[in-house]
Amino acid sequence: PRRLAYDPRMRKTGARIDDRRYWTGCTLALGGALLLYVLAGVGQHGLSNDEPVQHNYGRLLLEFYRSGFTDLRAFHYVNLYLYGGLFDILAAWLEPLTPLSVWDLRHLLTAGFGLSAIGACALLGRLLASPRAGFLAALLLIEGKRKKKKGKSAEATESSDATAPTFAFCLL
């Protein structure tokens, strides 16, 4: 049998280099699978009840910046000024630049933000513990979202969204 090399930086944990590569590969494969899943779902989602309101808010914010901070309608539109508008202004700015419908664009942006958060979770787990912890944190974060979609109430899964990756980190 082939002997596995040890990384001198891993003396405390005894982790093998091949183990690190394996879990890194698993994390990259998971990210690739998620990306394919997101791309396959473009154009297959309906509108939520607040998307038109949110998109109008994004347009108003864009006009605020384009007017040189003089068009203040965005700050008197419903109560959305309390929530921030980074996502909404980004969607409004990208709208004329893409061939997608505004709703598909918003859904794709939502998925992009979600994928970025899962990637950040995996990276944080990797940096704080190990590549295995990063993979498991991302996997458990995805699993919590999948269960939420399958019919559990928001109250039942809200706390598990952050608990699952934390639990995985603590195990490792």
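Structure first, text after, so check above.
Only a predicted model underlies this, so the values are computations on that prediction, with no experimental measurement involved.

Asker: Help me understand unusual backbone geometry, please; the structure alone is not making it clear to me.
Answerer: Note: most residues except glycine have negative phi, and most peptide bonds are trans. One non-glycine residue with positive phi stands out, namely Phe 69, at about 70°. Secondary-structure assignment places Phe 69 in the loop between α2 (51-66) and α3 (86-94).

Asker: So what exactly am I meant to see when it comes to α3 here?
Answerer: Along an α-helix, a turn takes 3.6 residues, which lines up residues three or four apart on a common side. Listed as buried for α3 are Asp 88, Ile 89, Ala 91, Ala 92 and Leu 94. Buried residues in α3 make contact with α2 and α4 (102-128).

Asker: Explain the packing of aromatic side chains to me, please; I cannot follow it from the model alone.
Answerer: Two numbers describe a pair of aromatic rings. These are the distance of the centres and the angle of the planes. The full count for this structure, using the stated rule, is 7 aromatic pairs. Measuring from ring centre to ring centre gives 5.6 Å for Phe 87 and Phe 113, while their planes differ by 65°; the resulting arrangement is edge-to-face. Of this pair, Phe 87 sits in helix α3 while Phe 113 sits in helix α4, and the two are 26 residues apart along the sequence. By relative accessible area, which is 40% here, Phe 113 ends up partly exposed.

Asker: Teacher, can you tell me more about the nonpolar core here?
Answerer: With 11 residues, the main nonpolar core is built from Cys 26, Leu 30, Leu 34, Ile 118, Cys 121, Ala 122, Phe 135, Ala 137, Ala 138, Leu 141 and Ile 142. Elements that contribute at least two residues to this core include exactly α1 (17-40), α4 and α5 (131-149). Setting aside chain neighbours within four positions, we find Ile 118 in contact with Leu 34, Ala 138, Leu 141 and Ile 142. Counting 8 residues, the second largest nonpolar core, distinct from the first, contains Leu 61, Ala 74, Ile 89 and Ala 92.

Asker: What exactly am I supposed to notice about the environment of Val 53 here?
Answerer: Mapped onto the fold, Val 53 is located in helix α2. Of the residues examined, Val 53 reaches a relative accessible area of 31% and is grouped as partly exposed. Residues Val 53 and Val 78 lie 25 residues apart in sequence; the distance between their C-alpha atoms is 8.9 Å. The contact partners of Val 53, leaving out residues within four places of it in the chain, are Tyr 77, Val 78 and Leu 80.

Asker: Looking at this structure, how should I read the side chain of His 107?
Answerer: One can find His 107 in helix α4. A relative accessible area of 18% means that His 107 is categorised as buried. In contact with His 107, other than residues within four places in its own chain, are His 45, Gly 46 and Glu 51.

Asker: Whenever I open this one, the environment of Gly 112 confuses me. Can you help?
Answerer: Mapped onto the fold, Gly 112 is located in helix α4. Distance in space between the C-alpha atoms of Gly 112 and Leu 35 is 8.8 Å, their sequence separation being 77 residues.

Asker: What is the right way to read α2 from this model?
Answerer: With 16 residues, α2 extends 22 Å from end C-alpha to end C-alpha; this agrees with the ideal 22 Å at 1.5 Å per step. Listed in full, the buried residues belonging to α2 are Glu 51, Gln 54, His 55, Tyr 57, Gly 58, Leu 60, Leu 61, Leu 62 and Phe 64. Packing partners of the buried residues in α2 comprise α3 and α4. Positive phi shows up at Gly 68, right after α2, with a value of about 75°.

The rules we used
Residue indices follow the written sequence of each chain, beginning from 1 at its first position. Reporting of local features is limited, given that this is a predicted model, to residues whose pLDDT is at least 70; pairs of side-chain atoms are given and counted only at 80 or more, and all residues count toward the totals for whole chains, interfaces and linings. With hydrogens and water set aside, each side-chain value is computed from the structure's full complement of heavy atoms. In this description a helix means any DSSP run of H or I spanning at least four residues, a strand means any run of E spanning at least two, and both kinds are numbered starting from the N terminus. A simple rule labels every residue: compare its accessible area, found with a 1.4 Å probe on the protein chains alone, to the largest value its type can have, and call it buried under 20%, exposed over 50%, or partly exposed in between. Any two residues having at least one pair of non-hydrogen atoms within 4.5 Å are treated as being in contact. For Phe, Tyr and Trp, rings pair up if their centres lie within 6.5 Å, where Trp contributes its six-membered ring, and each pair is then called stacked (planes under 30 degrees apart), edge-to-face (over 60) or tilted (otherwise). Each nonpolar core is a collection of buried residues, namely Ala, Val, Leu, Ile, Met, Phe, Trp, Tyr and Cys, held together in the definition by side-chain atoms within 4.5 Å. One less than the number of residues in a helix, times 1.5 Å, gives the span that helix is expected to have.

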